[in-house]
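# Examining the three-dimensional arrangement
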Amino acid sequence: MLDHQPPDLSTRAGRKAWRHEMRMVAVWPRRWGLWLLAIGALLLIAPSAFGIHNIGGWSPVLLGLIACLAALPLLVASAVLRRRYVRGRLQMGETQRT
């Protein structure tokens, strides 16, 4: 839920609250995207690092590429949602000042 006040970045507490607010924007797409990216990276290095060449009949490199490609739209969506939120939040503060 948006506050109807502009963010107060002049105080230490205000900056801390702003950072916390930004961390809470688009949490789930960012979290799932990072998990998929980490799993994909581990699967990509699995054949050479762990000697795993077959996972249920599938190549770990193929599974890793699929996981990394699935993570990409989630991370992009997270960045877009966060940017949209910041723009709206700062514009809301600008309209109240005038």
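Described in the following lines is the structure provided in the data block. (Residues numbered from 1 in each chain as written. Predicted model: local features only at pLDDT ≥ 70, side-chain atom pairs only at ≥ 80, totals over all residues. Heavy atoms only, no water.)

## Focus: the pattern of salt bridges
- Enumeration over the complete set of coordinates arrives at 1 salt bridge.
- Here glutamate 21 ties to arginine 89 by a salt bridge, and the two come within 2.7 Å at their closest N and O atoms. Taken as a pair, glutamate 21 in helix α1 (residues 12–23) and arginine 89 in helix α3 (residues 60–97) lie far apart in primary sequence, 68 residues in all. Of the two residues examined, glutamate 21 and arginine 89, each falls in the buried class. (Salt bridge = Lys/Arg side-chain N within 4 Å of Asp/Glu carboxyl O. Helix = DSSP H or I, 4+ residues; strand = E, 2+ residues; numbered from the N terminus. Buried < 20%, exposed > 50% of the residue type's maximum accessible area, 1.4 Å probe, protein only.)

## Notes on the packing of aromatic side chains
- All chains considered together, the criterion is met by 0 aromatic pairs.
- Over the ring of tryptophan 28 we find arginine 31, and its NZ or CZ is 5.1 Å from the ring centre. (Phe/Tyr/Trp six-rings, centres within 6.5 Å; stacked < 30°, edge-to-face > 60°. Lys NZ or Arg CZ within 6 Å of the ring centre and 35° of its normal.)

## Quick notes on helix α2 (residues 27–49)
- Over its 23 residues, α2 extends 31 Å from the first C-alpha to the last, a length consistent with the 33 Å expected when each residue adds 1.5 Å.
- Among the residues of α2, those classed as buried are Val27, Pro29, Gly33, Gly40, Leu43 and Ala46.
- Within two residues after α2, glycine 51 carries a phi angle of roughly 75°, on the positive side. (Expected span 1.5 Å × (residues − 1).)

## Focus on a positive patch on the surface
- Taken together, the side chains of Arg12, Arg15, Lys16, Arg19 and Arg23 define a basic patch exposed on the protein surface.
- Residue placement: lysine 16 occurs in helix α1.
- The class for lysine 16 is exposed, based on a relative accessible area of 58%. (Patch = residues over 30% accessible without salt bridge, like charges linked within 9 Å, V, L, I, M, F, W, Y side chains within 5 Å. Areas by Shrake-Rupley, 256 points an atom, 1.4 Å probe, with all protein chains shown as cover. Lys, Arg positive; Asp, Glu negative; His and termini not counted. Charge placed at Lys NZ, Arg CZ, Asp CG, Glu CD.)

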